Structures are given as C-alpha cells and as structure tokens.
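# Fold and geometry: a report
Next come the chains, spelled out residue by residue.
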Amino acid sequence: MNLKQHKLSKDRRFFFLVSGAIIWLGIFLTGFETASFIFYIPGISFFFAVTTGYCPGMIISKILFGGK
C-alpha cells in the first residue's frame, strides 16, 4: 500500500481541524468524565489527520470499499 496516495490536501486538513475542534469542545462542555469514550476516537483521529496528513478512517474505507 502506497501511503503517498492517501496524503490529505489542505482543505481536507482544515475540515478535520474544525470538525475535531467542535468534537473536543463538545466533550469539554459535557465534561470529560461524563462524555462517552466513543467521542474520543474521532476527536483523536481528526487531529492525527491534521498533524500527519494521513486520515486513518479514509485509509480504512479505501481499503474496504476500493477507490481511486
């Protein structure tokens, strides 16, 4: 598998940054001990995508369903 083809563009990185920030804001406003651990998965995944340029969810979905 070639990871170069999965590199995110700047507009997708910005989308993940905003989406991740909204998720973390929701977790913060709800309370870290009150929010379900499930909400942490996309929050961490989105910020990982922003910092590295590789989104684990998009890579997994392209492997499962095929893609360009």
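About the thresholds
- Residues numbered from 1 in each chain as written.
- Predicted model: local features only at pLDDT ≥ 70, side-chain atom pairs only at ≥ 80, totals over all residues.
- Heavy atoms only, no water.
- Helix = DSSP H or I, 4+ residues; strand = E, 2+ residues; numbered from the N terminus.
- Buried < 20%, exposed > 50% of the residue type's maximum accessible area, 1.4 Å probe, protein only.
- Contact = heavy atoms within 4.5 Å.
- Areas by Shrake-Rupley, 256 points an atom, 1.4 Å probe, with all protein chains shown as cover.
- Core = buried A, V, L, I, M, F, W, Y, C linked by side-chain atoms within 4.5 Å.
- pLDDT = per-residue confidence, 0-100.

### Considering the overall build of the chain
A count of helical and extended segments in the chain gives three helices and zero strands. Secondary structure elements of the chain, listed N to C terminal, follow the sequence α-α-α. Per-residue burial over the chain gives 24% buried out of 68 residues. For the chain, restricting intrachain contacts to residue pairs at least 6 apart in sequence, the fraction spanning at least 24 positions comes to 65%. Total accessible area computed for the chain in this model is approximately 5100 Å², and 72% of it derives from carbon and sulfur atoms.

### Some points on the nonpolar core
Grouped together as the largest cluster of nonpolar side chains are six residues: L8, F16, F46, A49, V50 and C55. Looking at which element gives the most residues to this core, the answer is helix α2 (residues 40–52), with three residues. Sequence-distant contacts of V50, defined by excluding residues within four places in its chain, comprise R13, F16 and L17.

### Re the confidence of the model for the chain
Predicted coordinates in areas of low pLDDT are best not read in detail. On average, the chain scores 87 in pLDDT, and the residues at 70 or more come to 88%. Across the chain, helix α1 (residues 10–30) holds the top mean pLDDT of 92, while helix α3 (residues 56–65) sits lowest at 86.

### Thoughts on the environment of I59
When you line up the elements, I59 lands in helix α3. On the basis of relative accessible area, I59 is assigned to the buried category, the value being 12%. The sequence separation of I59 and K7 amounts to 52 residues, and the corresponding C-alpha distance is 9.7 Å.

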